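One-letter residues, chain by chain:
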Amino acid sequence: MKWTRKDLLGLQDLSSDEINLILDQTAPMKDIIQRDIKKVPTLRGKSVINLFYEPSTRTRTSFELAGKYLSADTSSLAVSTSSVVKGESLIDTGKTIDVMGADIVVIRHQASGAPLLLSQNIKASVVNAGDGFHEHPTQGLLDMFTIREKKGTIQGLTVTILGDVLHSRVARSNIWGLTKLGAKVRVAGPSTLMPPGLAEMGVEVFNRIEDAVAGADVVNVLRIQLERQQKGLFPTLREYARLFGLNQARLALAQPDALVLHPGPMNRGVEISPEVADGPQSVITEQVTNGVAVRMAVLYLMAGGGLVDVPR
Ligand code: CP
């Protein structure tokens with residue numbers, strides 16, 4: 001199987017074979033980042049531009065490092081000090097980067113669909129690093145890689161996603177990807193933070209967090225997106241923590257070897273208690289490491305025109 005797509009816009013469009021191809025390519029990339037000298041010449045002569053219209057620590061830094069570890073020329077456009085603040089449109093900004101010779105543009109944007117619009121207007125490949133409430137495909141991929149690495153498979157696992165699904169592009173990418181790879185996906189959270197259409201996505205919706213966590217193999221806790229909340233969707237943060245936060249007592253209802261994931265950044269003491277976040281079942285720091293590896297695999301496949309052997 002070869003990678004043939006120009007762009008990576010979401011997991012909804014990908015086949016299970018395409019998802020598995022990226023996950024399979026991630027393992028050798030992880031070997032590279034665990035070496036003393038984390039550098040291979042694979043993408044020498046290729047350029048990767050980060051275009052982030054929203055804040056990011058993990059995604060932006062890991063795309064930058066992923067490109068550098070593969071010897072690509074990487075550059076991050078600081079949108080707040082760019083001509084975007086003078087009113088330049090997304091398409092004009094994209095075309096400007098395109099004619100400078102960009103091979104891959106990684107974009108995060110507050111508007112769902114912005115990466116698609118960009119991809120339709122530039123020659124460079126476009127990678128979606130999170131768009132509005134739509135998708136965050138590389139987060140979904142790194143979550144799946146982390147689960148597969150720990151559990152050996154995704155097929156047949158019960159994965160519970162907790163929290164603010166309404167505003168979560170992470171949840172959507174996880175749901176599309178996990179269901180394609182054969183997981184049973186459950187969601188739970190305040191009913192005001194549950195979007196319509198979840199059942200049509202193949203997801204089981206629970207009213208009580210305890211029922212959703214019971215017997216789960218994986219619990220993926222979403223961040224309460226304080227910057228996107230409208231007033232009145234839940235009473236207070238303290239109330240949210242009491243009713244919906246993942247604490248040790250609730251985690252005890254899951255399988256004894258259940259994994260705890262969180263995409264970060266965490267609101268400690270709100271959606272996840274510090275004991276759980278830092279506890280033995282948490283794989284949150286491994287998710288971050290795997291994020292670099294999965295982004296290396298994505299850049300490699302997209303720039304490599306379907307090459308599948310990673311030079312050692
Ligand atoms: N998980 C995630 O997207 O984190 P950042 O916003 O820090 O990139």
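Please refer to the structure higher up on the page.
The rules behind each value
- Residues numbered from 1 in each chain as written.
- Predicted model: local features only at pLDDT ≥ 70, side-chain atom pairs only at ≥ 80, totals over all residues.
- Heavy atoms only, no water.
- Phe/Tyr/Trp six-rings, centres within 6.5 Å; stacked < 30°, edge-to-face > 60°.
- Helix = DSSP H or I, 4+ residues; strand = E, 2+ residues; numbered from the N terminus.
- Buried < 20%, exposed > 50% of the residue type's maximum accessible area, 1.4 Å probe, protein only.
- Pairing = 2+ DSSP bridges.
- Right-handed = clockwise from strand over helix to strand, strands pointing away.
- Axes fitted to C-alpha atoms, helices over the stretch in contact; angles between N-to-C directions.

**Regarding the packing of aromatic side chains**
Part 1: Under the definition given, this model contains one aromatic pair.
Part 2: Ring centres of Tyr240 and Phe244 lie 5.5 Å apart, and the angle between their planes is 45°; on these two criteria the pair is classed as tilted. Remark: Phe244 and Tyr240 occur in helix H8 (residues 237-244); sequence separation between them is four residues, near one turn of the helix. Taken individually, Tyr240 and Phe244 each receive the classification buried, so the pair is uniform in this respect.

**Focus on the pairing of strand S1 (residues 47-52)**
Part 1: Among the six residues in S1, six count as buried, and that is most of the element.
Part 2: Across six bridges, the pairing between S1 and strand S2 (residues 73-78) is parallel. Paired with Phe52 across the two strands is Ala78, which belongs to S2.
Part 3: The parallel pair S1 and S2, bridged by helix H2 (residues 58-69), forms a crossover whose chirality is right-handed.
Part 4: Taken together, the five bridges between S1 and strand S3 (residues 104-109) define a ladder with parallel strand orientation. Within S3, the residue paired with Leu51 across the bridge is Ile107.

**With respect to the sheet that holds strand S9 (residues 259-261)**
For sheets, the rule is that strands pair by backbone hydrogen bonds, running either parallel or antiparallel.
Part 1: Taking strand neighbours across the sheet as the criterion, the five strands line up as S7-S6-S5-S8-S9 in an open arrangement whose pairing is parallel. The strands lining the two open edges of the sheet, one partner per strand, are strand S7 (203-206) and S9. The sheet shows a mean angle of 20° between the axes of neighbouring strands, taken without regard to direction.

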